[in-house]
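Below are the chains, spelled out letter by letter.
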Amino acid sequence: MTPKLSEGSVLIITLLLMLMLTIMAITQISFNHTQTNIAANSADAQVAFHTAEGALNEATNNVLAGTYAPTAFLDNQNGLYLPDPANPPLWTTIDWNSNSDVIKSFQGNSYAQGAYIIEQLPSVIRPGQNMNNPAHVYRITARAVGASGNSLVILQSTEQIQQ
C-alpha cells in the first residue's frame, strides 16, 4: 500500500517548487520595475534641478551686469517685481507658464523652459557704507520642471549690489 500512496507525491512536490519559483520570479520583476521607476524619477529631478540652476545663474548674471534698471521694477510685470508684504510670497502665486509674468530662460533637456522672477527688495546700508549710496537687494526665484513634466524644482538666491 505504501508504493501506491507515494506515486503522486513527486508530481505534487514538483508543482509546489514550480509555484515557489514563479512567485519568486514575479517578485523580482516587480522589484526591478520599482527600481527602474526610482532611477527615472531621480534622473528627472536632476534635469529639473540643473535647468532651474541654469535659469538662476542667468538671472544672477543679468542682475550683476545691470541689465534691469531699478525703475523697471515699479511696473510689477514681465518678471520684475516689488514684493508686497501684505500678500503671500510672489513665487507661490505667480503663473509660471505665463510669458508676461515671468522671464523665460533656456530649456535644456527638460519638459519646459526654465523661468525666473526677480524681486527688488528694500535697499540696505551696510555699516560703514555711504548713506547716500544704498545697496540694492534682489531676490531671484527660478523654477523648472523635469523631462517628464513631473519633477518641479524651485531655487532662490539673494543678490546685493552696491551702486
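These numbers were taken from a predicted model, which means no experiment stands behind them.

**A few points about the overall build of the chain**
Scanning the chain from terminus to terminus reveals three helices and five strands. The order of α-helices and β-strands along the chain, N terminus first, is α-α-β-α-β-β-β-β. Relative to the globule expectation of 15 Å for 163 residues, the C-alpha radius of gyration of the chain, 29 Å, shows a markedly less compact shape. Dimensions of the chain, computed from C-alpha atoms along their principal axes, come out at roughly 110 × 35 × 30 Å. Put simply, the chain has 163 residues, and 29% of those count as buried. Taking the contacts inside the chain whose residues are at least 6 apart along the sequence as the reference set, 55% of them involve residues at least 24 apart. When the 5 basic and 10 acidic side-chain charges of the chain are each reduced to a single mean position, those positions are 9 Å apart.

**Re a nonpolar patch on the surface**
Among the surface-exposed residues, I12, L16, L19 and I23 lie close enough to one another that they form a single nonpolar patch of about 390 Å² accessible area. Tracing the chain through its elements places I23 in helix α2 (residues 9-64).

**Some thoughts on the layout of surface pockets**
Empty space within the largest pocket amounts to approximately 170 Å³. Along the walls of the largest pocket sit 13 residues, with P83, D84, P88, P89 and L90 positioned nearest its centre. No other element matches the three residues that helix α3 (residues 90-93) contributes to the lining of the largest pocket. A class-by-class count of the residues in the lining of the largest pocket yields seven nonpolar, three polar and three charged.

**A word on the pairing of strand β3 (residues 115-124)**
Taking burial as the measure, the 10 residues of β3 include seven buried ones, the bulk of the element. Judged from the two bridges that link them, strand β1 (residues 80-81) and β3 form a sheet pairing that is parallel. Looking across to β3, one finds that Y81 is bridged to E119. Taken together, the two bridges between strand β2 (residues 103-104) and β3 define a ladder with antiparallel strand orientation. Looking at β3, one finds that K104 is bridged to A115.

Each value, and the rule that gives it
- Residues numbered from 1 in each chain as written.
- Predicted model: local features only at pLDDT ≥ 70, side-chain atom pairs only at ≥ 80, totals over all residues.
- Heavy atoms only, no water.
- Helix = DSSP H or I, 4+ residues; strand = E, 2+ residues; numbered from the N terminus.
- Rg over C-alpha atoms; globule rule 2.2 N^0.38 Å.
- Buried < 20%, exposed > 50% of the residue type's maximum accessible area, 1.4 Å probe, protein only.
- Contact = heavy atoms within 4.5 Å.
- Lys, Arg positive; Asp, Glu negative; His and termini not counted.
- Charge placed at Lys NZ, Arg CZ, Asp CG, Glu CD.
- Patch = residues over 30% accessible without salt bridge, like charges linked within 9 Å, V, L, I, M, F, W, Y side chains within 5 Å.
- Areas by Shrake-Rupley, 256 points an atom, 1.4 Å probe, with all protein chains shown as cover.
- Salt bridge = Lys/Arg side-chain N within 4 Å of Asp/Glu carboxyl O.
- 1 Å grid on protein atoms, 1.4 Å probe; cavity = no way out; pocket = protein on both sides within 12 Å on 5 of 7 lines; lining within 4 Å.
- Points joined across faces, edges and corners; volume = space filled by probe spheres on them.
- Nonpolar A, V, L, I, M, F, W, Y, C, P; charged D, E, K, R; others polar.
- Pairing = 2+ DSSP bridges.

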